[in-house]
Each structure stands twice: as C-alpha cells, then as structure tokens.
Amino acid sequence: MTHLSQYDPEIAGAIENELNRQRDGLEMIPSENFVSRAVLEALGSVMTNKYSEGFPGKRYYGGNQFTDVVENLTIERAKTIFRCDHANVQPLSGSPMNQAVYLAFMKPGDTIMGMDLSHGGHLTHGSPVSHMGKLFNFIRYKTHPEEKGRIDFDELMRVAKETKPKIILCGYTSYPRDYDYTDFKKVADEVGAITMADVAHIGGLIAANVMRNPFDYGFDIVTTTTHKTLRGPRGGMILSRGVVSNPLKAPENTRENIPTILDRSVFPGLQGGPHMNQIAATAVCLKEAATPEFHAYAKQVLVNAKSLATALMADGAKLVTDGTDNHMMVIDCVKSWRIPGNEAEKLLDQVGITTNKSLIPDDPNPPFKPSGIRLGTPALTTRGFTEDDMKIIGRTIAEVLKNPQSDDAKSRARTTVRDLTQKHPLYSGLSVL
Ligand code: DSN
C-alpha cells in the first residue's frame, strides 16, 4: 500500500487498522470470510477502469477483448462447479441478484413463496420492510416445529395450491439446517411454479460437494453470493438450467430460455456496467473452489461448526433447532442466559469475538434487541482453526455470556483470543493467505 499511504494516509490508516482488527480477533459472523491474496490482487486491478455493459461478445463499449476473457472464464468455471447450464456473474451482490430473478419472471402483485425472516429467510425473501416485499405478494412459510427446524411440506403444499405462486423460493440467512430440495420441487411441480434456491450462505459448501446442490434435485434457478463460504469478492451469481423443468406448467414468459430472460433482467433491466474487477476476482475464487484444498476446507467448516455447537450446548447454550447441519448456529441468548442478543454481541465484541445479533423464530423482541446471536465457522476455518480450537471458543463464549459482569471472565477470554489468533495468523507467511 505504498502509494496509498503516501497519498491518503487517513484511508491507508483505516485500512491498516481494519487488517489488524481482522488479525487480532475471532471473526465469527457466518457470512464473512478472508479472501486469498490472489483474489485481492484481481479485485484491486485495472479491470476496475473498464465499462463493459452487455455480455461477452455483445458489449455497448469498445475495448472489451480482455474483459470478455475474464467474464467467459468466470461463467465457464461457475457452470462446471455448480453443474448448471448457464451463469450470470454480473450481479453486484446478493440483493440485486435475487431482485433480478423476481423481476425476470413476475409482475408487481404476483405471488411468490419464501421463508419468513425470523425463521431464517433473508430480507429479499419478502420481508415487509424490503421493496421486494412491497412489490410482490410474498407468502412466507415458517419452520415447524421450531425446535427441529423442519418445514411442514403438507402445509406448504396446501398454501401453494391455494395461492398459486409463480416462484417457490427456498434459502436462508440464519437457518442452521440443510433442506430436502425434493419436497420443494414436488410442491412447485404440483402448482406449476419455478423453483429457486438462494444458497448465498452455503455456495462454497455446495461448490465443494459437502452440502446438497439444488440442481441435483431439478431446481430451475440457484442464486449465490460469492463472498461468504465461496471465499471470493463481494458479489452475486445467478445460475440456471437452460429451460424450465416443467415447461407446460410454467408461466407464459418462462417458456423461452431462462438464461435469456435472466440476463436481460440483470442488464439492462436492473444494473448498468458490471464491475469487471469483481468478476475477475470471482473467477479466481472459483478456480480456488475447484481444488482439493478448498474441498478439504469446506469439510472442515462443517466439522468445526458441529464441534462449536456441541461445546456451546454442553455449556448451557440453547441453540435454535438444537444444533447445526451447516456452517452456522443461532444461540437463543435469552433462553440460555437471560440476556438479549444485542448485549451478547457487545460483550463478545469486548473480548475480540465478532458475532451478530439475530432474531430467533417468531422472536417476541425487535430486530435491534433480538433474542439471539448468529455465529459460524467459515472465516476461522480459513485461518486453519480446528475442531479442538472450536471447543475452546465454545467454552469461552459461554463463560463470557454466563458472567456478563465479570471482568475476570473477560480477561480470560481476551487471553484465549490472543493465543488462538497467534496460533493461526492471518495474511502472513507463504500460504494462500
Ligand atoms: N448480510 C448477509 C448475512 O449476513 O447473512 C445476508 O444478506
């Protein structure tokens, strides 16, 4: 950062401080990760200078011979890894990626089914505070019984038959289990809906074949962000089959090729020029995701999550659905230790453990003072943390939250965090990171 430090020391200083924060703390927000140096280089490259509206070979600007190379490679790598027919790699991030799909297939007022926010769904899955929730008629389904985190597919089928959604959407941002995609597909086929899975959180785990891939269950569209478990730059991708799986029952405008509709929806429908530096960095992360090292990483993310969940529960934590099948978990802090999630987040921040407050299913408390915190293992696993480290972290978290007034508990926790971060250094040495 020689140029930046000389030209703009204030910004350089803030970046340096952020690097130190990341190095010195335990990053446990399940949607965060650490990209490789190769990804960082692509992201900070001259590709940021270029306008490339359109798609490879069909741009509205000259001089795109090299951005075409980048975007074509990214598309091909995404299609291979996720086993699909088409990839649009231009969405700037997760929200526009989902919006582009909705706007491709639905008119304002049309019906779509998605998971309720407090049960794990995302804001763009129909929360009334999002523009999407106002524009479309979202029917929100819930987990039932909550303790098990199951979805009641008989009820889903009944409601789908009654409301005739155009899209049946599954996917989540704070749901600690995996789905049985077959059941969603069965309901969608019955009512002629398109199947869409937003796998933003688990894209990297699907890429590494350690979690189920919705395309293997006949899904039409899969969206994923690139910066969570996939460990790339911030961004999104829309992946799809070439044609809808059930053309006779599909809505009129989906009888043509899905990719064409989706591409047009991203550009010119929703976005302008793609961020080619971001797409170049996505290509790099996809190359990494195809390696045996990444597959081993993804497997370890799951092992670490199980170990952390077990340690927390052994120490009195009540986890939503009593455990995890993926990379994350939600602790009901009110039930566990009678403190709200915002306070738990703050207490852990004080000892260098970063988590985020989270709603629990049908939370009686509001989003800024919810009952839970959400945490996960992708970032720490990138640093090389193991299941044994997770046991220590689980105990440490429980000790701090059990004893919110205890300076001794906090001091012990700070020492543990320091020891662990020194044991697994970040962005040093000659490894990928
Ligand atoms: N903000 C993301 C997350 O943390 O899960 C979802 O958009």
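None of the values given here were measured: they were computed from a predicted structure.

Participant: Is there a simple way to explain the packing of helix 16 (residues 387-402) against helix 17 (residues 407-423) in this structure?
Facilitator: How two helices pack is summed up by the angle between their axes together with the distance between the axes. Relative to each other, helix 16 and helix 17 sit at 160°, their axes nearing to 9 Å. Here helix 16 is positioned roughly antiparallel relative to helix 17, judged by the angle of their axes. Viewed along their axes, helix 16 and helix 17 form a crossing whose handedness is left-handed. Along its contact with helix 16, which presents D389, I392, I393, T396, E399 and V400, the element helix 17 presents A409, R412, A413, T416, L420 and K423. For the contact of helix 16 with helix 17, a count of residues per class yields six nonpolar, two polar and four charged.

Participant: Honestly, the side chain of T355 in this entry has me stumped. Any pointers?
Facilitator: Positionally, T355 belongs in the loop between strand 12 (353-354) and strand 13 (356-358). Beyond its immediate stretch of four places on either side in the chain, T355 contacts M28, I29, E345, L348, I373, R374 and L375.

Participant: What's the story with the environment of D322 in this structure? I'm lost.
Facilitator: Turning to its location among the elements, D322 is positioned in the loop between helix 12 (292-314) and strand 11 (328-332). Relative accessible area serves as the criterion here: at 40%, D322 is assigned to the partly exposed category. Once the C-alpha coordinates of D322 and A309 are considered, the two residues, 13 residues apart in sequence, prove to be 8.5 Å apart. A polar atom in the side chain of D322 sits 2.7 Å from the side chain of K318.

Participant: Please explain the UniProt feature "binding site: (6S)-5,6,7,8-tetrahydrofolate" (unreviewed entry) in the protein as it appears in this structure.
Facilitator: Feature annotation in UniProt places "binding site: (6S)-5,6,7,8-tetrahydrofolate" (unreviewed entry) on L117, G121, H122 and L123, given in this structure's numbering. Relative to the helices and strands, G121 is located in the loop between strand 5 (111-115) and helix 6 (131-135). Judged by relative accessible area, which is 0%, G121 ranks as buried. For G121, the contacting residues outside a window of four places in its chain are M115, D116, G171, Y172 and T173. By the element assignment, L123 lies in the loop between strand 5 and helix 6. Given a relative accessible area of 39%, L123 falls into the partly exposed group. Ignoring sequence-local partners within four residues, the contact set of L123 consists of L117, V129 and S130.

Reading guide: rules and limits
Residues numbered from 1 in each chain as written. Predicted model: local features only at pLDDT ≥ 70, side-chain atom pairs only at ≥ 80, totals over all residues. Heavy atoms only, no water. Axes fitted to C-alpha atoms, helices over the stretch in contact; angles between N-to-C directions. Helix = DSSP H or I, 4+ residues; strand = E, 2+ residues; numbered from the N terminus. Parallel < 35°, antiparallel > 145°, perpendicular 65-115°, else oblique. Left-handed = near helix turned anticlockwise from the far one by under 90°. Contact = heavy atoms within 4.5 Å. Nonpolar A, V, L, I, M, F, W, Y, C, P; charged D, E, K, R; others polar. Buried < 20%, exposed > 50% of the residue type's maximum accessible area, 1.4 Å probe, protein only. Polar contact = N/O pair within 3.5 Å; in protein donor to acceptor, adjacent residues only side chain to side chain. UniProt positions renumbered as here; feature names shortened; annotations may be inferred.

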